[in-house]
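Okay, here's what each chain looks like letter by letter:
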Amino acid sequence: EKEVTEENKRSHDCKELIVSLPREKGWITPYLHLFQGFCVPKSGTTWLKALTFAIVKRQHFPISENHPLLVFNPHELVPPFEFVIYDENNWQVHELPKMPEPRLFGTHVPFASLAKSIKETNTKIIYICRNLFDTFISTWVFVNRIMPEFLPALPLEEAFERYCKGIIGFGPSWNHILGYWRESIARPDKVLFLKYEDVKEDVVFNVKKIAEFLGYPFTEEEESNGVIENIIKLCSFENMKELMVNKCGTMGKGRIVENKYFFRKAEIGDWVNYFSPSMVEKLSKIIEEKFSGSDLSFRLCDLNNST
Ligand code: A3P
């Protein structure tokens, strides 16, 4: 804990400390507290949270002009569990807040570091990943936008070199993805593995998949009444980005982050506007090496966009 100094934070090297920090009852505590809110993998968490909330809570909150997603940011409705169970001052575990069942939480914690109470129970996990080219750019832009209040921004090339070494919040992206991927193969009832690009390509199919996986399948009546389409519309980038709460709202207590930073372009392939040929070559090689034999591949451009 003491090693996480101001200097370490500034140099963005803290990720390397994650492995050496003590785990308390299976949770990584001080690290996450320290970095809450900005070590973010940028793979579609906000979207997944919105969809999951709308799907699971649809009996309580039918899609209407009073829906909670129209007035709250998805991160407030599906809070990161590491935010809510630790006492801010003395790092103590508190009981989960009395949220109505089913309780939905988000996290960026790697699978290996999840608490036993999550891994070894019937808690369901939905994981979303995104091609690493777009994820890196999305993270870099996000961090640079929100960082000035916390940390100096890094130039693209420097951030990229660090990313290729695995220096990024919550550890190397390839380890993070493979951890959940392997678990989804071993225990498909426990972990649903999604790709941002697939959800974008066929959102109806994936919304149904999420609903079935969590035990809230749509009835025929709901399907014919357009419930799925209404959920998709409510959670769409175009809709969420324009909501007052996401245009002007903020989240966090000490470190305030403006909600608008969670909604940027939502495109597949924006990385082409940033990557040099040598960066493409380097990251492609890393991906080939790290994911070899895993049967996992990533789509780097939008199939619907011919440009
Ligand atoms: P870009 O920065 O490429 O635009 P996270 O939610 O994990 O922080 O990921 C943020 C990324 O998801 C951003 O990508 C953001 O624009 C995109 N995003 C946010 N809300 C979305 C939505 N409702 N549908 C699709 N993409 C969304």
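One structure accompanies this document, and this report is about it. (Residues numbered from 1 in each chain as written. Predicted model: local features only at pLDDT ≥ 70, side-chain atom pairs only at ≥ 80, totals over all residues. Heavy atoms only, no water.)

Neighbouring the ligand are 18 residues; Thr45, Thr46, Ser138, Lys265 and Ala266 lie closest to it. Take Lys42: an N or O atom from its side chain is 2.7 Å from an oxygen atom of the ligand. Between the ligand and Ser43 there is a distance of 3.0 Å, counted from an oxygen atom to a backbone nitrogen or oxygen. Taken by itself the ligand offers 560 Å² of open surface, and the protein chains cover 98% of this. For the shell around the ligand, the element with the highest residue contribution is helix α3 (residues 45–56), accounting for 3 residues. Class assignment of the residues belonging to the shell around the ligand gives a composition of 8 nonpolar, 6 polar and 4 charged. (Near = heavy atom within 4 Å. Polar contact = N/O pair within 3.5 Å; in protein donor to acceptor, adjacent residues only side chain to side chain. Areas by Shrake-Rupley, 256 points an atom, 1.4 Å probe, with all protein chains shown as cover. Helix = DSSP H or I, 4+ residues; strand = E, 2+ residues; numbered from the N terminus. Nonpolar A, V, L, I, M, F, W, Y, C, P; charged D, E, K, R; others polar.)

Tallied over the full model, the rule gives 18 aromatic pairs. Pairing Phe136 with Tyr163 gives two aromatic rings, centres 5.1 Å apart and planes at 40°, and the pair type is tilted. On the criterion of sequence distance, the pair formed by Phe136 in helix α7 (residues 132–146) and Tyr163 in helix α8 (residues 156–164) is long-range, its members being 27 residues apart. Take Phe136: its relative accessible area is 2%, and that puts it in the buried class. Taking the relative accessible area as the measure of exposure, Tyr163 reaches 2% and is therefore buried. Seen from their ring centres, Phe142 and Phe262 are 5.1 Å apart, and the 55° between their planes marks the pair as tilted. Of this pair, Phe142 sits in helix α7 while Phe262 sits in the loop between β6 (257–258) and α16 (277–291); the two residues are 120 residues apart in sequence, bridging distant segments of the chain. (Phe/Tyr/Trp six-rings, centres within 6.5 Å; stacked < 30°, edge-to-face > 60°. Buried < 20%, exposed > 50% of the residue type's maximum accessible area, 1.4 Å probe, protein only.)

Moving on, we get to the layout of surface pockets. As a volume, the largest pocket reaches approximately 1200 Å³. Secondary structure elements with two or more residues in the lining of the largest pocket: α3, α6 (116–119), β3 (125–129), α7 and α9 (173–186). Of the residues assigned to the lining of the largest pocket, the class counts are 28 nonpolar, 15 polar and 5 charged. (1 Å grid on protein atoms, 1.4 Å probe; cavity = no way out; pocket = protein on both sides within 12 Å on 5 of 7 lines; lining within 4 Å. Points joined across faces, edges and corners; volume = space filled by probe spheres on them.)

The next point concerns the side chain of Arg264. In this fold, Arg264 is placed in the loop between β6 and α16. At 2.9 Å, the side chain of Arg264 forms a polar contact with the side chain of Asp270. Discounting residues that sit within four places of it in the chain, Arg264 has contacts with Ile137, Ser138, Val141, Arg145, Phe237, Lys241, Asp270 and Tyr274. (Contact = heavy atoms within 4.5 Å.)

Moving on, we come to the pairing of β3. In terms of burial, β3 is largely enclosed, as 5 of its 5 residues are buried. Side-chain alternation along β3 places Ile125, Tyr127 and Cys129 on one buried face and Ile126 and Ile128 on a second face that is also buried.

Buried residues of helix α11 (residues 203–213): Val203, Asn206, Val207, Ile210, Ala211 and Phe213, and no others. On the buried face of α11, the contacting elements are α3, β3, β4 (191–195), α10 (196–201) and α13 (227–235). Just downstream of α11 lies Gly215, where phi reads positive at about 85°.

Time to look at unusual backbone geometry. In this structure, Ala266 is a non-glycine residue whose phi angle is positive, near 60°. When its relative accessible area of 16% is taken as the criterion, Ala266 is described as buried.

Here we take up α16. Turn by turn, an α-helix covers 3.6 residues, leaving residues three or four places apart pointing in a common direction. The first and last C-alpha atoms of α16 sit 21 Å apart over 15 residues, in line with the 21 Å expected at 1.5 Å per residue. For α16, the full list of buried residues reads Met279, Leu283, Ile286, Ile287 and Phe291. Buried residues along α16 cover an arc of 105° about the axis, so they all sit on one side. Of the residues in α16, the exposed ones pointing more than 90 degrees away from the buried face are Pro277, Ser278, Lys285, Glu288 and Glu289. Count one or two residues on from α16 and you reach Gly293, which has phi positive near 80°. (Expected span 1.5 Å × (residues − 1). Arc of directions from axis to C-beta.)

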